[in-house]
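Survey of secondary and tertiary structure
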Amino acid sequence: DVKVTQSSRYLVKRTGEKVFLECVQDMDHENMFWYRQDPGLGLRLIYFSYDVKMKEKGDIPEGYSVSREKKERFSLILESASTNQTSMYLCASSLFSLRAKNIQYFGAGTRLSVL
Amino acid sequence: TQLLEQSPQFLSIQEGENLTVYCNSSSVFSSLQWYRQEPGEGPVLLVTVVTGGEVKKLKRLTFQFGDARKDSSLHITAAQPGDTGLYLCAGVKRAAGNKLTFGGGTRVLVKP
């Protein structure tokens, strides 16, 4: 069974703190993604990675960075958390494919509150 | 402005009624996916449509991809409380590699 695990379901942090969100997948997928989800805006892509040590900016990368040191793990880092980064964060993974299907498997999400 | 517009944003109906959710764009997609997300969980894929005009059925759910591959709809017949959730459409473009573009979502509430 496919599994994407996010380390925390809920996090509360203070403005200015450095925040790490961790994601692990057990499917040997090449691709991993970080999204944030806000009401009415759907999922917006922050960063993604096609391979170890490789990263590319998504649509809203400002204020975030990522790390992919191992194939199964993709970390999202908020260097200095701000209140506008309060959101639900979703991690996903998928197989690399030249076809159009690109099925993504999602974790359960981390709800981050920045006070 | 979102590339994929979903409507309505929220839908509340009684058990047994039918409903339709729309996903529209001015862009052409090579395929389109529909996900359902339940509270406290991540989105889970329901279906992928690839060919213009394609219709796929999943029990009481019918998915259609527009002829021009710019829009899609999800129709639920005789909705049940278990259909409650957030429905998200997501488009795939070959030129964008393996990235998905998500719509804003439609929150469906089916009351018993």
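This text follows the structure it describes.
Residues numbered from 1 in each chain as written. Chains lettered and ligands numbered in written order. Predicted model: local features only at pLDDT ≥ 70, side-chain atom pairs only at ≥ 80, totals over all residues. Heavy atoms only, no water.

**Quick notes on the nonpolar core**
Put simply, the rule reads: Residue types Ala, Val, Leu, Ile, Met, Phe, Trp, Tyr and Cys, when buried and joined through side-chain atoms within 4.5 Å, form a set referred to as a nonpolar core. Only protein chains enter the accessibility calculation, which uses a 1.4 Å probe. A residue is then buried if its area is under 20% of the maximum for its type, exposed if over 50%, and partly exposed in between. Segments assigned H or I by DSSP are reported as helices when at least four residues long, segments assigned E as strands when at least two residues long, and all are numbered from the N terminus. Contacts were defined at the residue level, with two residues in contact if any of their heavy atoms lie within 4.5 Å.
Core analysis: the largest hydrophobic core is formed by 22 residues, its most contacted members being Leu19, Leu32, Trp34, Phe63, Leu74, Ile76 and Val108 of chain B. Mapped by element, the contributors of at least two residues to this core are β2 (10–14), β3 (19–24), β4 (31–37), β5 (44–49), β7 (61–65), β8 (71–76), β9 (85–92) and β11 (106–111) of chain B. Those residues in contact with leucine 19 of chain B that lie beyond four places of it in its chain are Leu11, Ile13, Leu74, His75, Ile76, Ala79 and Val108 of chain B. Within the second largest apolar cluster, 21 residues are counted, among which are Cys23, Tyr64, Cys91 and Val114 of chain A.

**Things to note about the sheet that holds strand β1 (residues 4–6) of chain A**
All names here are of chain A. The condition that has to hold: DSSP bridges decide pairing: two strands pair if at least two such bridges lie between them. To obtain an axis, a line is fitted to C-alpha atoms, over the contacting stretch when the element is a helix, and the angle between two such axes runs from 0 to 180 degrees between their N-to-C directions.
Strand order in this open sheet of four strands is β1-β3-β8-β7, and the pairing throughout is antiparallel. Pairing within the sheet leaves two strands with one partner each, and these edge strands are β1 and β7 (64–70). When the angles between neighbouring strand axes are averaged without regard to direction, this sheet yields 20°. Sheet analysis places β1 next to strand β3 (residues 19–25), joined by three bridges and oriented antiparallel. Paired with valine 4 across the two strands is glutamine 25, which belongs to β3.

**Quick notes on unusual backbone geometry**
Cis geometry marks the peptide bond from serine 7 of chain B to proline 8 of chain B; its omega dihedral reads -10°. Looking at where proline 8 of chain B falls in the secondary structure, it is placed in the loop between β1 (5–7) and β2. In this structure, aspartate 28 of chain A takes a positive phi of about 60° despite not being glycine. Its place among the elements puts aspartate 28 of chain A in the loop between β3 and β4 (31–38).

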